[in-house]
Amino acid sequence: MNFDISSFNRIAKPLLNNLAEQFPLPQKIHLQRYEAPDFDVKMDIPLLRATLYYLVANGYLMFDGDHADNANYYLTSKGLTLLKVDFEKEFKISSSVYEKGKVGC
């Protein structure tokens, strides 16, 4: 049996990239209304559900909501690492308000 990860990649890559672009904000995903390039609502919903399940179960995403089929999904630090985003490095690049002599609000 040949292993073909292309279907998973077709669903996972746009989803993860979108979450990275809006990090730390979530993406609201309702399976019946999900839109992405090359996503066929009639054919790909089971694949989207399985992809989300895998990404959550393996710590790349987390979600909040009543049901995983209609929830807010967040990218985790493990998800950022998968996308080659070094959170600690990026965080240290930004100057702190404390470095500028500002304290509090």
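Because the structure is predicted, anything quoted here is derived from the model rather than measured. (Residues numbered from 1 in each chain as written. Predicted model: local features only at pLDDT ≥ 70, side-chain atom pairs only at ≥ 80, totals over all residues. Heavy atoms only, no water.)

Draft legend 1. Up close: the packing of helix α1 (residues 6–21) against helix α2 (residues 41–57). In contact at an axis separation of 10 Å, α1 and α2 are set at 65 degrees when each is read in the N-to-C sense. Viewed along their axes, α1 and α2 form a crossing whose handedness is right-handed. Contact with α1, carried on its side by S7, F8, R10, I11, A12, L15 and L16, involves D44, L47, L48, T51, L52, Y54 and L55 of α2 and no other residues of that element. Of the residues in the contact of α1 with α2, the class split is ten nonpolar, two polar and two charged. (Axes fitted to C-alpha atoms, helices over the stretch in contact; angles between N-to-C directions. Helix = DSSP H or I, 4+ residues; strand = E, 2+ residues; numbered from the N terminus. Left-handed = near helix turned anticlockwise from the far one by under 90°. Contact = heavy atoms within 4.5 Å. Nonpolar A, V, L, I, M, F, W, Y, C, P; charged D, E, K, R; others polar.)

Draft legend 2. Inspection of the sheet that holds strand β1 (residues 27–30) at higher detail. Spatial ordering of the open sheet is given by β1-β3-β2, a layout of three strands whose pairing is antiparallel. Across the chains shown, the open sheet's two edge strands, defined by having one partner strand only, are β1 and β2 (61–67). The mean angle between the axes of side-by-side strands here comes to 25 degrees, regardless of whether they run parallel or antiparallel. In this structure, β1 lies alongside strand β3 (residues 70–75), joined through four bridges in antiparallel fashion. Across the sheet, Q27 pairs through a bridge with Y73, a residue of β3. Sheet contacts for α2: β1, β2 and β3; angle to β2, the most-contacted strand, approximately 120 degrees. (Pairing = 2+ DSSP bridges.)

Draft legend 3. The arrangement of the pattern of salt bridges in detail. Considering all chains together, one arrives at two salt bridges under this definition. Notably, a salt bridge pairs D44 with R10, separated by 2.8 Å at the nearest N-O pair. Of this pair, D44 sits in helix α2 while R10 is found in helix α1, placing the two residues 34 residues apart along the sequence. A residue is classified by how much of its surface remains accessible, and D44, at 7% relative accessible area, is buried. For R10, a relative accessible area of 29% corresponds to the partly exposed category. (Salt bridge = Lys/Arg side-chain N within 4 Å of Asp/Glu carboxyl O. Buried < 20%, exposed > 50% of the residue type's maximum accessible area, 1.4 Å probe, protein only.)

Draft legend 4. Up close: the nonpolar core. Within the largest apolar cluster, 19 residues are counted, with the highest numbers of intra-cluster contacts made by L15, I29, L48, L52, L55 and L61. Those elements that provide at least two residues to this core are α1, α2 and β3. Among the elements that take part in this core, α1 stands out by supplying five residues, more than any other. Excluding its chain neighbours within four sequence positions, the residues that come into contact with L55 are F8, A12, L15, L16, Y60 and L61. (Core = buried A, V, L, I, M, F, W, Y, C linked by side-chain atoms within 4.5 Å.)

Draft legend 5. Examining the packing of aromatic side chains more closely. A full pass over the atoms with the stated rule returns three aromatic pairs. Ring centres of Y34 and F39 lie 4.9 Å apart, and the angle between their planes is 85 degrees; on these two criteria the pair is classed as edge-to-face. As far as the burial class goes, Y34 and F39 line up, both buried. Taking the centre distance of 5.6 Å and the plane angle of 35 degrees together, the rings of F63 and Y73 count as tilted. Separated by ten residues along the polypeptide, F63 in strand β2 and Y73 in strand β3 bring together distant segments of the chain. With a relative accessible area of 35%, F63 lands in the partly exposed category. Assessed through its relative accessible area of 1%, Y73 is described here as buried. Just above the ring of Y60 sits the side chain of K78; from NZ or CZ to the centre is 4.7 Å. (Phe/Tyr/Trp six-rings, centres within 6.5 Å; stacked < 30°, edge-to-face > 60°. Lys NZ or Arg CZ within 6 Å of the ring centre and 35° of its normal.)

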